[in-house]
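Residues per chain, in single letters:
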Amino acid sequence: DRPDPPRALRLSGVSGTSLSLEWDPGFNGGLQQHFLLRVEGPDAPPPPAALVTSGYALTLGGLRPDTPYDVTVRARNARGDSAPARLHAVTSALPEAPPPMWEEPPAAPPGGPEDS
């Protein structure tokens, strides 16, 4: 049979440019299975926006900060694909860069009194 969908799809980590996911495998249908992940959202990884893994966790990188993404995970075996497990997640905002410890004085404009 086709495999059962992954269960308990969840976020295990979030950054400004990545989402880390984990899930529990469903019944594999009596055959070896792997998992197909698809990410949809602005600037999702370039097509095909699908990644395959035989594990139960994956980090999706190259994403935009503070941006919503829809992730689907399907189990796949030799008989076909499961129904999808779905998750909506938002990357975090990147922290602002700290101000410099000191600032360089502005350069003197050309044509000052020394050029006369």
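Cut-offs used in this document
- Residues numbered from 1 in each chain as written.
- Predicted model: local features only at pLDDT ≥ 70, side-chain atom pairs only at ≥ 80, totals over all residues.
- Heavy atoms only, no water.
- Helix = DSSP H or I, 4+ residues; strand = E, 2+ residues; numbered from the N terminus.
- Buried < 20%, exposed > 50% of the residue type's maximum accessible area, 1.4 Å probe, protein only.
- Contact = heavy atoms within 4.5 Å.
- Pairing = 2+ DSSP bridges.
- Axes fitted to C-alpha atoms, helices over the stretch in contact; angles between N-to-C directions.
- Core = buried A, V, L, I, M, F, W, Y, C linked by side-chain atoms within 4.5 Å.

> Any chance you could explain the environment of L31 here in plain terms?
Counting through the fold element by element, L31 comes out in the loop between strand 2 (19-24) and strand 3 (34-40). On the basis of relative accessibility, which here comes to 30%, the residue L31 falls in the partly exposed class. Counting along the chain gives 30 residues from L31 to D1, while the straight-line C-alpha distance between them is 8.2 Å. In this view, L31 contacts N77, A78 and R79; residues no more than four positions away in its chain are not counted.

> Hey, could you run me through the sheet that holds strand 2 in this one?
Strand pairing in a sheet is mediated by backbone hydrogen bonds. Such pairs are either parallel or antiparallel. Read across the open sheet, the 3 strands follow the order 1-2-5; overall the sheet is antiparallel. Taken across any chain shown, the strands that pair with only one partner, and hence form the sheet edges, are strand 1 (7-14) and strand 5 (57-60). Along the sheet, successive strands turn relative to each other by an average axial angle of 20°, direction set aside. As paired strands, strand 2 and strand 5 are joined by 4 bridges and run antiparallel to one another. Its bridge partner being in strand 5, L21 is matched across the sheet by L58.

> How do you make sense of the nonpolar core when you look at a structure like this?
Within the largest apolar cluster, 17 residues are counted, with the highest numbers of intra-cluster contacts made by L9, L21, W23 and V73. Among the secondary structure elements, those contributing two or more residues to this core are strand 2, strand 3, strand 6 (68-77) and strand 8 (85-90). Ranked by residue count, the leading element in this core is strand 6, at 4 residues. Apart from the residues within four sequence positions on either side, L9 is in contact with L21, E22, W23, V71, V73, A85, R86 and L87.

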